[in-house]
Amino acid sequence: MDINPDEVVSVELDCDGWTAPYARDITRRQLGDLLLQLDDMADTTETADPAPEPQPLTWPTPADTYAKAPSIISEIGWTTEGAIGRPTAALLGREFRLRKAAVLDRIALRDEAENFDSDAPEIAAEAARRLLDKDRDGNGNYGGAPYRPEHPDAIAHPRGYVRQEYAHWAKNH
């Protein structure tokens, strides 16, 4: 199923305390940006970053990580369908955050390979940091994720962390 990122969809958000729902027609691409903003609103806890120990980087390569992944368009469709009707990202769960971060990483990799000047790498890194933050417990330890990161320097390389976690998730699903 191909999803057109410029297709217009209707989005309606309704939260306790609002006098009326917020409804808007936006493109699927704009919906992705909106999801990132909602993630910001849901992040209310501060966590301290642990001091990473220097280690050689052996993150999974993008080619290995995404070799059997669905198409970018399919993943955009999956994340869009998962987000519709949910007022905050807090209701979406880890699989949603992981797959969203992975598809944004893949878009950024494509833009980087084509030397296309875009903000995709920054957006992918931000989504990766949000996944990483959600996977850490309140003490800065990686206790929130089903699996611990193999590298303590994940904070310095959040997109590498996404690839590691996506590869693990894909192997087990």
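Residue numbering note: each chain is counted from 1, following its sequence as written. Totals for whole chains, interfaces and linings use all residues, but because this is a predicted model, local features are given only for residues with pLDDT of at least 70 and pairs of side-chain atoms are given and counted only at 80 or more. The basis for every side-chain value is the complete set of heavy atoms in the structure, and neither hydrogens nor water enter the calculation.

## A look at the overall build of the protein chain
Along the protein chain, the regular secondary structure elements total six helices and two strands. Numbering of helices and strands starts at the N terminus; helices are DSSP runs of H or I of at least 4 residues and strands are runs of E of at least 2. In the protein chain, the succession of α and β elements from N to C terminus is β-β-α-α-α-α-α-α. Residues count as neighbours in contact if any of their non-hydrogen atoms are within 4.5 Å of one another. Within the protein chain, contacts between residues separated by at least 24 positions form 62% of all contacts whose residues are at least 6 apart in sequence. Using the Shrake-Rupley algorithm and a 1.4 Å probe, accessible areas are obtained, with residue cover drawn only from the displayed protein chains. Accessible surface, the protein chain as shown: approximately 9,900 Å² in total, 51% of it carbon and sulfur.

## Section: the confidence of the model for the protein chain
Known as pLDDT, the predictor's confidence for each residue is given on a scale from 0 to 100. Summarising the model, the protein chain shows a mean pLDDT of 76, and 68% of its residues fall at 70 or more. Highest mean pLDDT in the protein chain belongs to helix α2 (residues 62-66) (94); lowest belongs to helix α1 (residues 28-42) (68).

## Let's talk about the nonpolar core
Nonpolar side chains in soluble globular proteins tend to end up buried together. To form a nonpolar core, buried Ala, Val, Leu, Ile, Met, Phe, Trp, Tyr and Cys residues must be joined to one another through side-chain atoms within 4.5 Å. Throughout, exposure labels follow a simple rule: accessible area from a 1.4 Å probe, protein chains only, divided by the maximum for the residue type, with under 20% read as buried, over 50% as exposed, and the rest as partly exposed. Judged by nonpolar contacts, the single largest core of 23 residues is most densely connected at Y66, V162 and Y166. Contributing elements (two or more residues each) for this core: α3 (72-83), α4 (94-113), α5 (120-135) and α6 (158-171). The leading source of residues in this core is α4, at seven residues.

## A few points about the side chain of R99
Residue position: R99 is located in helix α4. Looking at R99, the relative accessible area reads 10%, which means it is buried. In protein, a polar contact requires one atom able to donate a hydrogen and another able to accept it; more generally it is a pair of N or O atoms within 3.5 Å, and residues adjacent in sequence count only if both atoms are side-chain atoms. Only 2.5 Å separates the side chain of R99 from the side chain of E75, close enough to count as a polar contact. Discounting residues that sit within four places of it in the chain, R99 has contacts with E75, W78, T79, Y166 and W169.

## Quick look at the packing of aromatic side chains
Aromatic contacts are taken between Phe, Tyr and Trp rings whose centres are within 6.5 Å, Trp giving its six-membered ring; a plane angle under 30 degrees counts as stacked, one over 60 as edge-to-face, and the others as tilted. Under the criterion given, the structure shown has three aromatic pairs. With centroids separated by 5.4 Å and ring planes inclined at 45 degrees, the aromatic side chains of Y166 and W169 adopt a geometry described as tilted. Within this pair, Y166 and its partner W169 are both found in helix α6, separated by three residues, close to a single helical turn. On the basis of relative accessible area, Y166 is assigned to the buried category, the value being 2%. By definition, being over a ring means that NZ of Lys or CZ of Arg is both within 6 Å of the ring centre and within 35 degrees of the ring normal. A cation over a ring is seen here: R99 above W78, with NZ or CZ 3.7 Å from the ring centre.

## A closer look at the packing of α4 against α5
At a minimum axis separation of 8 Å, α4 and α5 run at an interaxial angle of 155 degrees. Classified by the interaxial angle, the pair formed by α4 and α5 is roughly antiparallel. The hand of the α4/α5 crossing is left-handed. For the pair α4 and α5, the contacting residues are R94, R97, L98, A101, L104, D105, I107, A108, D111 and E112 in the first and A120, P121, I123, A124, A127, A128, L131, K134 and D135 in the second. In this description, a line fitted to the C-alpha atoms serves as the axis of each element, helices being fitted only across the stretch in contact, and the angle between N-to-C directions of two axes falls anywhere from 0 to 180 degrees. Orientation is classified from the angle alone, with under 35 degrees giving roughly parallel, over 145 giving roughly antiparallel, 65 to 115 giving roughly perpendicular, and any other angle giving oblique. Crossing handedness follows the turn of the near helix against the far one: under a right angle anticlockwise gives a left-handed crossing, and clockwise gives a right-handed one.

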